[in-house]
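# Architecture and fold: a report
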Amino acid sequence: DAGVTQSPTHLIKTRGQQVTLRCSPKSGHDTVSWYQQALGQGPQFIFQYYEEEERQRGNFPDRFSGHQFPNYSSELNVNALLLGDSALYLCASTLWTDYYEQYFGPGTRLTVT
Amino acid sequence: GNSVTQMEGPVTLSEEAFLTINCTYTATGYPSLFWYVQYPGEGLQLLLKATKADDKGSNKGFEATYRKETTSFHLEKGSVQVSDSAVYFCALRKVIQGAQKLVFGQGTRLTINP
């Protein structure tokens, strides 16, 4: 049973560029959340997707956007990258009806230079 | 608002020592509480959880009790091993209109020396 997978593992971008990160949820899960984890900090909630709609959003600017596909996989897009966007981006999946556990992927390490 | 505060690290212990990592929270109502662990180069893994006051979560020798009166959820283990070296995160779950999000503390890095 495959867990949550994310791609790519690492990437390096330049300020002002755009980036797309991808996530496949654990088998059977229909809800995907994205978190940003800066170095030495706890993860911060970006947004959650269910039924291809953004259901909840954290305190992040509109430069951060997402999408969920019919197969429940998801993308996180960040436009006009800033140095401060350098972080580990974590994807988590769960069942919409399951309030108790989110399964996390290994993350994508984004470095903005 | 909702927030979680953990004891600052790093914490360094010898093998077989007793471990406590403090966690307190601020929230409206009574949120579910969690401890997650992050091993080097990996994502977060759920270690244990508690969903209501006085519940005790336990897993792999780790325990934490949901204390409403002190708004705390301290993590304990009686005898740590080198393999317990990792970063530990305390978190609460907030639900808004069916959507859930986790609010994390800043993490505590634990190193166990043989």
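Note: the structure precedes this text.
Owing to the predicted nature of the structure, the values given are computational and were not obtained by experimental measurement.

### What about the layout of surface pockets?
If you add up the space inside the largest pocket, you get close to 480 Å³. If you list the elements that add at least two residues to the lining of the largest pocket, you get strand E10 (86-96) and strand E12 (108-113) of chain B. Looking at the lining of the largest pocket residue by residue, the classes come out as 10 nonpolar, 13 polar and three charged. Empty space within the second largest pocket amounts to approximately 240 Å³. Together, 14 residues line the second largest pocket, and Pro43, Gln44 and Phe45 of chain A together with Lys101 and Val103 of chain B are the ones closest to its centre. Broken down by secondary-structure element, the contributors of at least two residues to the lining of the second largest pocket are strand E5 (44-50) of chain A together with strand E11 (99-104) of chain B.

### Here's the deal with the pattern of salt bridges
For the coordinates displayed, the defined rule picks out seven salt bridges over all chains. As a salt-bridge pair, Arg63 of chain A and Asp85 of chain A come within 2.9 Å of each other at their nearest N and O atoms. Remark: Asp85 of chain A occurs in the loop between strand E8 (74-78) and strand E9 (87-94) and Arg63 of chain A occurs in the loop between strand E6 (53-57) and strand E7 (64-68); sequence separation between them is 22 residues. For the pair Arg63 of chain A and Asp85 of chain A, one class covers both residues: buried. Among the ionic pairs, Lys56 of chain B bridges to Glu63 of chain B, the shortest N-O distance being 3.7 Å. Assessed through its relative accessible area of 52%, Lys56 of chain B is described here as exposed.

### As for the side chain of Glu101 of chain A
Mapped onto the fold, Glu101 of chain A is located in the loop between E9 and strand E10 (103-104). Despite its burial, Glu101 of chain A remains without a salt bridge, the nearest opposite charge being carried by Lys49 of chain B at 4.1 Å. Only 3.4 Å separates the side chain of Glu101 of chain A from the side chain of Tyr103 of chain A, close enough to count as a polar contact.

### Considerations on the pairing of strand E7 (residues 56-59) of chain B
Residue and element names in this part refer to chain B. Across four bridges, the pairing between E7 and strand E8 (residues 62-65) is antiparallel. Looking at E8, one finds that Gly57 is bridged to Ala64. Here E7 folds back onto E8, and the loop between the two strands holds two residues, one of which, Lys60, carries a positive phi near 55 degrees.

### Let's talk about unusual backbone geometry
The amide bond that connects Ser7 of chain A to the next residue, Pro8 of chain A, takes the cis arrangement and shows omega of -10 degrees. Structurally, Pro8 of chain A is set in the loop between strand E1 (5-7) and strand E2 (10-13). Of note, the phi angle at Tyr72 of chain A is positive, near 80 degrees, even though the residue is not glycine. Judged by its relative accessible area of 39%, Tyr72 of chain A falls in the partly exposed class. Residue Gln97 of chain B is not a glycine yet carries a positive backbone phi of 50 degrees. Tracing the sequence through the fold places Gln97 of chain B in the loop between E10 and E11.

### Observations concerning the side chain of Ser73 of chain A
All names here are of chain A. Within the fold, Ser73 resides in the loop between E7 and E8. Relative accessible area serves as the criterion here: at 13%, Ser73 is assigned to the buried category. Polar side-chain contacts of Ser73 include one of 2.7 Å to the side chain of Asn71.

### Focus: the sheet that holds E8 of chain B
Residue and element names in this part refer to chain B. Reading across the sheet, the four strands line up as E3-E9-E8-E7 and stay open at both edges, with antiparallel pairing between neighbours. The open sheet is flanked by strand E3 (19-21) and E7, the only strands paired with a single partner. Going across the sheet, the axis of each strand differs from the next one's by a mean of 15 degrees, ignoring polarity.

What counts, and where the lines are drawn
Residues numbered from 1 in each chain as written. Chains lettered and ligands numbered in written order. Predicted model: local features only at pLDDT ≥ 70, side-chain atom pairs only at ≥ 80, totals over all residues. Heavy atoms only, no water. 1 Å grid on protein atoms, 1.4 Å probe; cavity = no way out; pocket = protein on both sides within 12 Å on 5 of 7 lines; lining within 4 Å. Points joined across faces, edges and corners; volume = space filled by probe spheres on them. Helix = DSSP H or I, 4+ residues; strand = E, 2+ residues; numbered from the N terminus. Nonpolar A, V, L, I, M, F, W, Y, C, P; charged D, E, K, R; others polar. Salt bridge = Lys/Arg side-chain N within 4 Å of Asp/Glu carboxyl O. Buried < 20%, exposed > 50% of the residue type's maximum accessible area, 1.4 Å probe, protein only. Lys, Arg positive; Asp, Glu negative; His and termini not counted. Polar contact = N/O pair within 3.5 Å; in protein donor to acceptor, adjacent residues only side chain to side chain. Pairing = 2+ DSSP bridges. Axes fitted to C-alpha atoms, helices over the stretch in contact; angles between N-to-C directions.

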